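# Examination of the molecular architecture
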Amino acid sequence: MNRWTAILAVALAVSSGRAADVTWDKLLRAQSDPASWLTYGRNHAGWRYSELDQINAGNVAQLVPQWMFQTGVQGKFETTPLVHDRMMFVTAPINHAYALDLLTGRQIWHYYKALPPGVSICCGQVNRGFAILGQKLFKVNLESRLLALDAKTGSVLWETEIDSIKKGFSATVAPLVVKNMVLVGIAGAEYGVRAFIDAFDADTGKRVWRFWTVPSPGEPGGDTWGGDSWQRGGGSTWVTGTYDPELNLVYWGTGNPGPDWNGDVRPGDNLYTDSLVALDADTGKLKWYYQFTPHDVHDWDAISDPVLVDILVKGQKVKAVIQANRNGFYYVMDRATGKLLLATPYTKVSWADSIGPDGRPVLISGQDPTPEGNQSCPSIGGGHNWQASAYSPQTGLYYFPTAEGCQIYYKTDQEFREGQLYTGSTGGPIPLEPTTGAVMAVEPGTGVTRWKYEMVTPATGGVLATAGGLVFAGDREGYFIALDARTGKPLWKFPTGGVVIAPPITYLLDGKQYLAIAAGQSMITFALPGPAGRSASFSARRLPPQTRPGPQ
Amino acid sequence: MRRFRCLWVMGLMTAVCAAQTGKKNPLAGDPRAADEGRMMFRGSCSLCHGIKAEGGRGPDLTLGTFSVGEADADLYNVIANGSAGTEMPEFGSRLEEENIWRLVTFLRSVARREGVAITGNRASGEKLFWGKGQCGQCHRVQAQGGRMGPDLTLAGRQRSLAYLKESILDPNADLTPGYPTITVVTRDAKTIVGTQRGFDNFSAQLMDAGENFHSFLKSDVRSVKREFRSLMPDNYRRLFPELELNDLLAYLHSLRGLVEEKK
């Protein structure tokens, strides 16, 4: 797309009188619509890559804020905003959500629902974003409910319970639309839930299918749980998955087994926790799985974005799914079969020597939690936690934020009580060895680190890659940062004044490129000075077809 | 005011006072609640108060006596609302009421119910602090003393005796959050050393021994090094014989916050 086709597209949208619905077909082609941001990972492959290049390595130093919207809502602001039809749709902590005028940042509507008592949330009253289909927005509320909102007004079209808060369930995920279904994951593994992935009908809110991430006895994998421990097995699904339309498979990472740090009460591998599951999109049936950390006792959820890329691995062209896992290893799998193709550490790892040819980690002894505390690496959050990753077909690199360090892991006996914290102890910091962080660029086909931008604290924000040769990231101290996508050199920064926990997005408004990032309690947008198109060339740079996600 | 009102009617209306000071622990003495509280303590509190609640960066909670008050309701309040002027945060927004009571029940279950033996002499310790030890060069107590090291006005409330002793004898055993050492070498080869006042990916702020504040952009200087070591001298083990050390500890233990002048 060049500048004139961009303007034409805007003109067509305006002249049609009402905005085009976000059809499923449009969502499948989200990557080729650089004006909008229509789904959590930008496309269904989870790339978080934009073909926009008005803002590029040559001019990014001129970026200036355009508007700020302050929510006034306390808590971690983790949202990926959606952009469609001159609106920005933003979810915030504690069941707040907004539609903002893309031009001015003025609030068009506000949704809020007070949190009912009795919601158990381990790690912040957060929300990671909307999904959109037709003229409906979909979001979860913390009290484990899924809602459809009218995108024009914010009014609730339907609302349904995902599962009971009494059992310890809560919901923070950005939903994923597949066809006419809304897919959601669930949180609660720190409260002894048995987790799942659900698909709901986008029109009615009725459940279409459920995949339990912890099988019951008699089901395949049920024998990987001792006694009745499967009933409290955890396996949360709190980060959005991805989708391959050719294979019709949904890829979703699963979280830790429960209780987190005491594995004695759940002997066995504890399938399908800490795994990547590939599900038939229509039925929710398991096509394949790969378990990264069998019988995890360190809380190494495998929830990082499963990114779908077609790459060369050991000379073979592969339809792959890749993930830098919280356990410190980077993995490449054949996304049709689940076969492990590559596993290599990207940070300090002390618990496993390698991943063996059978796909199982070659364990190093003496790494498990003890009552007195035992050191192991990486730390609880990894490695790479939930912070959004990106893949740039321009550089061919996979980018992800990391924490660099170790942890002291404790273990305790604990009796289960429904709805109560059930973790089997905790982790503590290592005195005088604070965890640092980085943004890393890794060759997806080899796992080789191309560059590493080191940070003084764990990288809190997600990343975005653009055709402008840039990677955008954010840190705990509140900087929104632009890095050279090829070298990792910092090219621009803006101190937002609030911790950056969210991933940035980019979009066009009236033919001009903008960036948006949630920081502290604010949504902030950035652009180059001057009117559209004048400040930069907008070259037509089309991707080769083999690197495009979705139908070829 | 509440305390005065209670005192006023103490002889007649003890029960009413109890009601006014707050709630009763519905889980008092419940061993299961104590066990659950222990789990939560490990998750939420052990970082500062130690895995066995015997203190560390935060006070020892097994002494059976609490600076915030002795009633269960006092403990509930400090957990729910935090303690102003200390590093104790509020947990009311993160923990349900019942879970806070579980923590209170756990704390009661680990109380040793014996006081700490303070063997030293407070007044002698005060003299050592401001005299021989020169602690006041870097540390502040109320309106006196230096500013480069941590303010000790609340040291007796914030730190256990064992932790205070360790901090004197081995300043690098644990570092007060926010007090790493920063060394900057400027482009004209000047070296500036001080305690951290700010540090991020692009800049560093520090206070030097002359209490001067410095701020540098990392891109403007030759080097910036942050070390997780204390600038406090590590010769106090030689400087203070055991008796003097006990006096100094007695003084530090007595530091409980601002003392208002009598009118």
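Residues numbered from 1 in each chain as written. Chains lettered and ligands numbered in written order. Predicted model: local features only at pLDDT ≥ 70, side-chain atom pairs only at ≥ 80, totals over all residues. Heavy atoms only, no water.

## Quick look at the overall build of chain B
When helices and strands are tallied, chain B shows 11 helices and seven strands. Split into buried and exposed, the 263 residues of chain B put 45% on the buried side. Considering only contacts in chain B between residues 6 or more positions apart, those separated by 24 or more positions represent 61%. Total accessible area computed for chain B in this model is approximately 14400 Å², and 54% of it derives from carbon and sulfur atoms. (Helix = DSSP H or I, 4+ residues; strand = E, 2+ residues; numbered from the N terminus. Buried < 20%, exposed > 50% of the residue type's maximum accessible area, 1.4 Å probe, protein only. Contact = heavy atoms within 4.5 Å. Areas by Shrake-Rupley, 256 points an atom, 1.4 Å probe, with all protein chains shown as cover.)

## A few points about the overall build of chain A
A count of helical and extended segments in chain A gives two helices and 38 strands. Relative to a compact globule of 552 residues, whose C-alpha radius of gyration would be 24 Å, chain A shows 22 Å and is just as compact. If one aligns the C-alpha atoms of chain A with their principal axes, the spans along those axes are about 65 × 45 × 45 Å. A burial count over chain A gives 65% of its 552 residues as buried. When contacts within chain A are restricted to residue pairs at least 6 apart in sequence, long-range pairs at least 24 apart make up 60% of them. Only carbon and sulfur atoms are counted for the fraction: they give 53% of the accessible area of chain A, which is about 18300 Å². Charged side chains of chain A number 47 positive and 49 negative; the gap between the two group centres comes to 7 Å. (Rg over C-alpha atoms; globule rule 2.2 N^0.38 Å. Lys, Arg positive; Asp, Glu negative; His and termini not counted. Charge placed at Lys NZ, Arg CZ, Asp CG, Glu CD.)

## Thoughts on the pairing of strand S13 (residues 196-201) of chain A
Residue and element names in this part refer to chain A. For S13, the buried fraction is high: five of the six residues fall into the buried class. Pairing of strand S12 (residues 181-185) with S13 involves five bridges; the strand directions are antiparallel. Bridging from a neighbouring strand, Val184 pairs with Asp198 of S13. Of the strand pairs in this sheet, S13 and strand S14 (residues 207-212) are connected by five bridges, and their pairing is antiparallel. Residue Phe196 lies in a different strand from S14, and its bridge partner there is Trp212. (Pairing = 2+ DSSP bridges.)

## A word on the nonpolar core
Residues and elements named next belong to chain A. In this structure, Met88, Phe138 and Phe472 are the most contacted members of the largest nonpolar core, which totals 90 residues. The dominant element in this core, judged by the number of residues it contributes, is strand S37 (residues 512-519), at six residues. Formed by 62 residues, the second largest nonpolar core is a distinct cluster that contains Leu308, Phe329, Trp451 and Ala459. (Core = buried A, V, L, I, M, F, W, Y, C linked by side-chain atoms within 4.5 Å.)

## Brief notes about the interface of chain A and chain B
Counting from both sides, the interface comprises 32 residues of chain A and, opposite them, 27 residues of chain B. Of the roughly 2200 Å² buried between chain A and chain B, counting both surfaces, carbon and sulfur atoms make up 55%. At the boundary of chain A and chain B, one finds two salt bridges. The closest approach of N and O atoms between A:Glu415 and B:Arg32, which form a salt bridge, is 3.2 Å. Where chain A meets chain B, there are five residue pairs in polar contact (both at pLDDT 80 or more). Where the side of chain A that touches chain B is concerned, the elements lending two or more residues are strand S31 (449-455), strand S34 (479-484) and strand S35 (490-495) of chain A. The biggest single contributor to the side of chain A that touches chain B is S31(A), with three residues. The class makeup of the residues in the side of chain A that touches chain B is 15 nonpolar, nine polar and eight charged. (Buried area = accessible area lost by both parts, 1.4 Å probe. Salt bridge = Lys/Arg side-chain N within 4 Å of Asp/Glu carboxyl O. Polar contact = N/O pair within 3.5 Å; in protein donor to acceptor, adjacent residues only side chain to side chain. Nonpolar A, V, L, I, M, F, W, Y, C, P; charged D, E, K, R; others polar.)

## Remarks on helix H9 (residues 161-169) of chain B
Among the residues making up H9(B), those that are buried are B:Leu161, B:Tyr163, B:Leu164, B:Ile168 and B:Leu169. Taken together, the buried residues of H9(B) touch helix H8 (155-158), helix H10 (236-239) and helix H11 (242-253) of chain B.

## Quick word on the state of the cysteines
Residue and element names in this part refer to chain A. Per the counting criterion, the structure on display carries two disulfides over all chains. Across the disulfide from Cys122 sits Cys123; the S-S distance is 2.0 Å. Residues Cys122 and Cys123 are joined through a disulfide that is left-handed, its torsion about the S-S bond being -100 degrees. Residue Cys122 is classed as partly exposed on the basis of its relative accessible area of 39%. Judged by relative accessible area, Cys123 falls into the partly exposed class, the value being 45%. Across a sulfur-sulfur distance of 2.2 Å, Cys377 and Cys406 are joined as a disulfide pair. (Disulfide = S-S within 2.5 Å.)

## Brief notes about the sheet that holds strand S9 (residues 145-150) of chain A
All names here are of chain A. Taken in spatial order, the four strands line up as S7-S8-S9-S10 in an open sheet, and their pairing is antiparallel. Each end of this open sheet is capped by a strand with a single partner; those strands are strand S7 (131-133) and strand S10 (156-161). Each adjacent strand pair in this sheet contributes to an overall mean axis angle of 20 degrees, direction not counted. Looking at chain direction, S9 and S10 are connected through five bridges and run antiparallel. Residue Ala148 lies in a different strand from S10, and its bridge partner there is Trp158. (Axes fitted to C-alpha atoms, helices over the stretch in contact; angles between N-to-C directions.)

## Observations concerning the pattern of salt bridges
Residue and element names in this part refer to chain A. Per the counting criterion, the structure on display carries 38 salt bridges over all chains. The partner of Lys26 in a salt bridge is Asp33, with the nearest N and O atoms 3.6 Å apart. The class for Lys26 is partly exposed, based on a relative accessible area of 22%. Between Lys319 and Asp310 there is a salt bridge, with the nearest N and O atoms lying 3.7 Å from each other.

## Observations concerning the confidence of the model for chain A
With 93% of its residues at a pLDDT of 70 or more, chain A shows a mean pLDDT of 92. Taken together, the stretch residues 534-552 of chain A has pLDDT below 50 and engages in 48 contacts with residues farther than four places along the chain or on a different chain. (pLDDT = per-residue confidence, 0-100.)

## Topic: the environment of A:Lys113
Residues and elements named next belong to chain A. With respect to the helices and strands, Lys113 occurs in the loop between strand S6 (107-112) and S7. Here the alpha-carbon distance between Lys113 and Glu143, two residues 30 residues apart in the chain, equals 10.0 Å. Ignoring any residue separated from it by four or fewer positions in sequence, one finds Lys113 in contact with Ile94, Asn95, Asn141, Glu143, Arg145 and Glu159. A distance of 3.4 Å separates polar atoms of two side chains, one belonging to Lys113 and the other to Glu143.

## Looking at unusual backbone geometry
Cis rather than trans, the peptide bond between A:Gly258 and A:Pro259 has omega equal to -5 degrees. Within the fold, A:Pro259 resides in the loop between strand S16 (249-253) and strand S17 (275-280). You will see that A:Asp85, though not glycine, has its phi angle at about 55 degrees, which is positive. In this structure, A:Asp85 sits in the loop between strand S3 (82-84) and strand S4 (87-92). Note on A:Asp85: relative accessible area 36%, which makes it partly exposed. Of note in the backbone geometry, B:Gln142 takes a positive phi value of approximately 55 degrees without being a glycine. Tracing the chain through its elements places B:Gln142 in the loop between strand S1 (140-141) and strand S2 (144-145). B:Gln142 sits in the partly exposed class, given a relative accessible area of 28%.

## Examining the packing of aromatic side chains
Under the definition given, this model contains 35 aromatic pairs over all chains. Here the aromatic rings of A:Phe480 and A:Trp492 are separated by 5.6 Å at their centres, their planes lie at 85 degrees, and the arrangement is edge-to-face. On the criterion of sequence distance, the pair formed by A:Phe480 in strand S34 and A:Trp492 in strand S35 is long-range, its members being 12 residues apart. Accessibility expressed as a relative area gives 8% for A:Trp492, which makes it buried. Consider the rings of A:Phe494 and A:Phe526, whose centres lie 5.1 Å apart with planes at 70 degrees: the pair is edge-to-face. In this pair, A:Phe494 sits in strand S35 while A:Phe526 sits in strand S38 (residues 522-527), placing the two residues 32 residues apart along the sequence. Feature note: the residues A:Tyr290, A:Phe292, A:Trp300, A:Phe329, A:Tyr331, A:Trp351 and A:Tyr409 constitute an aromatic cluster, connected by ring pairs. A cation sits over an aromatic face here: A:Lys493 above B:Phe202, 4.9 Å from the ring centre. The aromatic ring of B:Phe199 is capped on one face by B:Lys218, whose charged end is 4.2 Å from the ring centroid. (Phe/Tyr/Trp six-rings, centres within 6.5 Å; stacked < 30°, edge-to-face > 60°. Lys NZ or Arg CZ within 6 Å of the ring centre and 35° of its normal.)

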